[in-house]
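# Overview (structure and organization)
Each chain is listed here by its residues.
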Amino acid sequence: MSQAGYKQFCPVAMAAEVLCTRWTMVLMRELVAGTTRFNDLRRGVPKMSPALLSTRLKELEAAGVVERRLLKSEKGIFEYHLTEAGKDLRPVVEAMGIWGQKWIESSLSLKNLDPSLLMWDMCRNLDPSPLPAGRTVVQFLYSDLPSTKSHWWLVIEPGGDVDLCWSDPGFEINLFVTTDLRTMTAIWMGLGTVESERDKIEFLGERAVAKTMQIWLGLSPFAKQKKLVA
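What this report covers is the structure whose coordinates are included nearby. Values in this document were obtained by computation on a predicted structure and should not be read as measured data.

Another aspect to go through is the overall build of the protein chain. Scanning the protein chain for helices and strands turns up 12 helices and seven strands. Taken against the 2.2 N^0.38 rule, which gives 17 Å for 230 residues, the C-alpha radius of gyration of the protein chain at 19 Å falls within 12% of a compact globule. Overall, the protein chain is about 60 × 50 × 30 Å in size when its C-alpha atoms are taken along their principal axes. Expressed as a percentage of contacts within the protein chain between residues at least 6 apart in sequence, the contacts between residues at least 24 apart total 62%. Working note: accessible area of the protein chain is about 13,100 Å², and carbon and sulfur atoms make up 55% of it. Once the 28 positive and 27 negative side-chain charges of the protein chain are each reduced to a mean point, those two points are 5 Å apart.

What follows is the structure, given as structure tokens:
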């Protein structure tokens with residue numbers, strides 16, 4: 001590993017040498033969530049440089065946490081999969097998330113707003129079951145962001161596949177959602193609901209899609225954890 005190490009035989013110290021370098025546990029969150037490709041991993045850690053991401057993946061591979069596999073179907077493309085040791089870290093990652101949701105002040109969490117991460121999380125946790133048959137397209141407009149970061153599209157296909165687009169995909173829009181980034185992040189984290197924040201959200205389009213937003217939005221895996229600090 002890149003750091004000098006703690007030089008202790010304690011298993012906690014030894015595990016920390018592998019897992020406690022900068023960005024490593026956040027990267028583990030993405031791997032535990034099922035992300036396997038480099039570019040998709042970048043979407044989950046948009047503020048991590050590609051060079052550092054590559055370094056951390058190599059370190060995790062060397063530690064036996066991750067296995068890099070060459071795809072036979074796509075030339076020169078690799079995927080990163082958790083080994084048995086890596087899969088054993090799922091409850092560790094989940095426990096950290098639950099602790100953070102439970103004990104970190106909401107105001108501190110909501111200072112770290114990131115539309116790319118929010119939309120990527122929404123994309124991979126979306127529940128298509130309450131949506132109408134056929135393709136459904138939802139456009140989000142964050143009124144407090146510059147135009148280069150304010151428009152996002154979620155495209156939900158009939159089979160349940162969900163795509164996140166940074167530019168107009170060219171399909172008919174079923175629902176336009178206009179709000180600010182803090183409000184949408186708070187809802188996603190379970191700090192509010194679509195109903196409680198209704199005065200901060202503007203809907204335009206199919207009422208049936210808007211009415212079920214709280215369900216199809218999916219929410220953060222940690223949203224059910226009750227906060228013990230304000």
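Right, let's get into the pattern of salt bridges. Applying the stated criterion to the full structure yields 12 salt bridges. Of the charged contacts, one joins Arg29 and Glu30 as a salt bridge, the two residues approaching to 2.8 Å between their closest N and O atoms. Look at Arg29 and you get partly exposed, because its relative accessible area is 27%. According to the relative accessible area criterion, Glu30 is buried, its value standing at 0%. Across the pair Arg124 and Asp121 runs a salt bridge whose closest N-O atoms are separated by 2.8 Å. Residue Arg124 and its partner Asp121 are both found in helix 8 (residues 115–125); the two are separated by three residues, about one turn of the helix. Look at Arg124 and you get partly exposed, because its relative accessible area is 26%. Three or more residues are tied together by salt bridges with common partners; here these are Arg29, Glu30, Asp121 and Arg124.

Topologically, Thr24 is positioned in helix 2 (residues 24–32). Residue classification places Thr24 among the buried positions, given a relative accessible area of 1%. Separated by 2.3 Å, the side chains of Thr24 and Thr21 make a polar contact.

Time to look at the pairing of strand 4 (residues 151–156). Taking burial as the measure, the six residues of strand 4 include five buried ones, the bulk of the element. Looking at chain direction, strand 4 and strand 5 (residues 162–165) are connected through four bridges and run antiparallel. Directly across from Trp153, in strand 5, lies its bridge partner Cys165.

What follows is about the side chain of Arg56. Looking at where Arg56 falls in the secondary structure, it is placed in helix 4 (residues 50–62). What makes Arg56 buried here is its relative accessible area of 8%. A distance of 3.5 Å separates the side chain of Arg56 from the side chain of Thr21, its partner in a polar contact.

Across the eight residues that make up helix 10 (residues 181–188), a large majority, seven, are buried. Listed as buried for helix 10 are Leu181, Thr183, Met184, Thr185, Ala186, Ile187 and Trp188. Between the side-chain oxygen of the N-cap and the backbone nitrogen of Arg182 there are 3.2 Å, and the N-cap of helix 10 in question is Asp180. Immediately downstream of helix 10, the backbone of Gly190 shows phi near 85°, a positive value.

For Trp23, which is not glycine, the phi torsion reads 80° and is therefore positive. Looking at the element boundaries, Trp23 is found in the loop between helix 1 (11–19) and helix 2. You will see that Leu219, though not glycine, has its phi angle at about 75°, which is positive.

Moving on, we come to helix 2. The element helix 2 is largely enclosed, with a buried count of seven among its nine residues. Listing the buried residues of helix 2 in full gives Thr24, Met25, Leu27, Met28, Glu30, Leu31 and Val32. At the C-terminal side of helix 2, Gly34 shows a positive phi close to 105°.

About the criteria used
- Residues numbered from 1 in each chain as written.
- Predicted model: local features only at pLDDT ≥ 70, side-chain atom pairs only at ≥ 80, totals over all residues.
- Heavy atoms only, no water.
- Helix = DSSP H or I, 4+ residues; strand = E, 2+ residues; numbered from the N terminus.
- Rg over C-alpha atoms; globule rule 2.2 N^0.38 Å.
- Contact = heavy atoms within 4.5 Å.
- Areas by Shrake-Rupley, 256 points an atom, 1.4 Å probe, with all protein chains shown as cover.
- Lys, Arg positive; Asp, Glu negative; His and termini not counted.
- Charge placed at Lys NZ, Arg CZ, Asp CG, Glu CD.
- Salt bridge = Lys/Arg side-chain N within 4 Å of Asp/Glu carboxyl O.
- Buried < 20%, exposed > 50% of the residue type's maximum accessible area, 1.4 Å probe, protein only.
- Polar contact = N/O pair within 3.5 Å; in protein donor to acceptor, adjacent residues only side chain to side chain.
- Pairing = 2+ DSSP bridges.

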